Amino acid sequence: MFRQNFSGKLFLVALLGCLGSTPAFAADHLDAPAIMIDGRRDINDIYIFQSTDAPDSTAMIMTVNPLAGVLSPSTFSTQVAYIFDIDRTGDAVPDFSLVIRFGSLNRLTGWQGMTVRYRFNGIEVAAATGVTGQNFPLKGGGRIRADLFDDPFFFDLLGFMDGFNFTGMDFFAGFNTSAIVIEMPRFRVSPRDDVSLVCRTEIFGVQQDRIGRPAINTVLLPSSLKNTFNQTLPSNDPANFGMVVQDKITELSGGDVAYAAMLTMVL
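Residues numbered from 1 in each chain as written. Predicted model: local features only at pLDDT ≥ 70, side-chain atom pairs only at ≥ 80, totals over all residues. Heavy atoms only, no water.

**Describing the overall build of the protein**
A count of helical and extended segments in the protein gives seven helices and 12 strands. Counted over contacts in the protein with a minimum sequence separation of 6, partners at least 24 positions apart contribute 56%. (Helix = DSSP H or I, 4+ residues; strand = E, 2+ residues; numbered from the N terminus. Contact = heavy atoms within 4.5 Å.)

**Focus on unusual backbone geometry**
Among all residues save glycine, negative phi is the norm, and among peptide bonds the norm is trans. In this structure, Asn65 is a non-glycine residue whose phi angle is positive, near 60°. When you line up the elements, Asn65 lands in strand E3 (residues 57-68). Residue Asn65 is classed as buried on the basis of its relative accessible area, which comes to 0%. The phi dihedral of Leu67 falls on the positive side, at around 50°, and the residue is not glycine. Its place among the elements puts Leu67 in strand E3. (Buried < 20%, exposed > 50% of the residue type's maximum accessible area, 1.4 Å probe, protein only.)

**Some details on helix H6 (residues 237-252)**
At Met243, H6 shows its largest kink, close to 35°. Within H6 the residues assigned to the buried category are Asp237, Phe241, Gly242, Val245, Gln246, Ile249 and Thr250. If you follow the buried residues of H6, they end up packed against strand E12 (206-211), helix H4 (216-220), helix H5 (223-230) and helix H7 (257-266). Positioned one or two residues after H6, Gly254 has a phi angle of 75°, which is positive. (Bend = angle between axes of the 7 residues up to and from the residue.)

**Some remarks on the nonpolar core**
Core analysis: the largest hydrophobic core is formed by 33 residues, its most contacted members being Met60, Phe84, Leu98, Ile100, Val116, Ile180 and Ile182. With 11 residues, the next largest nonpolar core counts Leu220, Leu221, Phe229 and Phe241 among its residues. (Core = buried A, V, L, I, M, F, W, Y, C linked by side-chain atoms within 4.5 Å.)

**A closer look at the pattern of salt bridges**
Tallied over the full model, the rule gives 11 salt bridges. Asp237 is paired through a salt bridge with Arg210; the nearest N and O atoms lie 2.6 Å apart. Here Arg210 lies in strand E12 and Asp237 lies in helix H6, a separation of 27 residues in the sequence. Of the two residues examined, Asp237 and Arg210, each falls in the buried class. Its salt-bridge partner being Lys248, residue Glu251 comes within 3.6 Å of it at the nearest N-O pair. You can see Glu251 and its partner Lys248 sitting in helix H6, three residues apart, about one turn around the helix. Counted as one network, the salt bridges with shared partners bring together Arg101, Arg117, Arg119 and Glu124. (Salt bridge = Lys/Arg side-chain N within 4 Å of Asp/Glu carboxyl O.)

**Regarding the packing of aromatic side chains**
A full pass over the atoms with the stated rule returns nine aromatic pairs. Arranged with centres 5.6 Å apart and planes meeting at 85°, the rings of Phe76 and Tyr82 form a pair that is edge-to-face. Phe76 sits in the buried class, given a relative accessible area of 5%. Sitting over the face of the ring of Phe229, Arg210 holds its NZ or CZ atom 3.7 Å from the ring centroid. (Phe/Tyr/Trp six-rings, centres within 6.5 Å; stacked < 30°, edge-to-face > 60°. Lys NZ or Arg CZ within 6 Å of the ring centre and 35° of its normal.)

**Section: the pairing of strand E7 (residues 123-131)**
For a regular strand, side chains alternate in direction, first toward one face of the sheet and then toward the other. Here strand E6 (residues 111-120) pairs with E7 via eight bridges, running antiparallel. The residue bridging Thr115 from the neighbouring strand is Thr129, located in E7. Connecting E6 to the antiparallel partner E7 that follows it, the hairpin turn spans two residues, and Asn121 within it adopts a positive phi of roughly 50°. (Pairing = 2+ DSSP bridges.)

**Some details on the side chain of Thr63**
Inspection of the secondary structure assignment puts Thr63 in strand E3. Contact partners of Thr63, with chain neighbours within four places excluded, come to Asp42, Ile43, Asn44, Asp45, Tyr47, Thr177, Ser178 and Ala179.

**Here we look at the packing of H5 against H6**
Close contact between H5 and H6 brings their axes to 12 Å; oriented N to C, the two are set at 160°. Viewed along their axes, H5 and H6 adopt a mutual orientation that is roughly antiparallel. For the element pair H5 and H6, the recorded crossing hand is left-handed. Where H5 approaches H6, its residues Leu225, Thr228 and Phe229 are matched on the opposing element by Asp237, Phe241 and Val244. For the contact of H5 with H6, the class distribution of residues is four nonpolar, one polar and one charged. (Axes fitted to C-alpha atoms, helices over the stretch in contact; angles between N-to-C directions. Parallel < 35°, antiparallel > 145°, perpendicular 65-115°, else oblique. Left-handed = near helix turned anticlockwise from the far one by under 90°. Nonpolar A, V, L, I, M, F, W, Y, C, P; charged D, E, K, R; others polar.)

**So, the sheet that holds strand E8 (residues 136-137)**
Within a sheet, each strand pairs with its neighbour through backbone hydrogen bonds, oriented either parallel or antiparallel. An order of E2-E3-E10-E9-E8 is seen for the five strands of this open sheet, with the pairing classed as antiparallel. Two strands lie at the open edges of the sheet, namely strand E2 (43-50) and E8, each paired on one side alone. Examined bridge by bridge, E2 and E3 share seven bridges and lie antiparallel to one another. Bridge pairing links Ile48 to Met60 in E3.

Next comes the structure, spelled out in structure tokens:
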């Protein structure tokens, strides 16, 4: 899970590994074969942070459609449910979720209708309705917007390919991504100082993609398990992938088994 107060060192380790593994599409862009079929179900990145213009609020962002308009569509799918799972207790099980669904594109306005629902224990209640391209309020406080944005992920692809002689140029600058941006009062996200976020996409209840901590799937799992990872739940990760991840970290760390075991538990 992506934790709001995560360790910067661990994030850096994961990110560097990711860049070494998939230089063209880092973070979680196009991380598994199944989601390459349709970029609208492919989660690129997620972000959670204190809102810059509302200090008592938390901002959460999910981006989809890698290189929107070039490799992927620039709209949201009418079949995909875009889900923000919020875990307040650290058990890798969501305490509540926001579920966003989209209607067909209105070709006259360029907008898609959208609905937002809160999910508690499998039960959904209405939170908001609106259209893409506009801010609109959430029931209980906060606001949401879904739109096309410049991809905020930074990656110096040319420098990476030139033996780590980085240029400072951002490969993703000028490329777009579709993003769902949510701002909610902090106390509604979590009354604690620690919160975890996982974003998922579903089609008719079948999970298509998910991301919590960045780079886990792209770096630490073999190709044979990438689809499986995206289709399973975080609470089952230690049993499903623990030893595979530990072996990979052992390899990347030059054979340090103790370090690999410690880092596996954290991740």
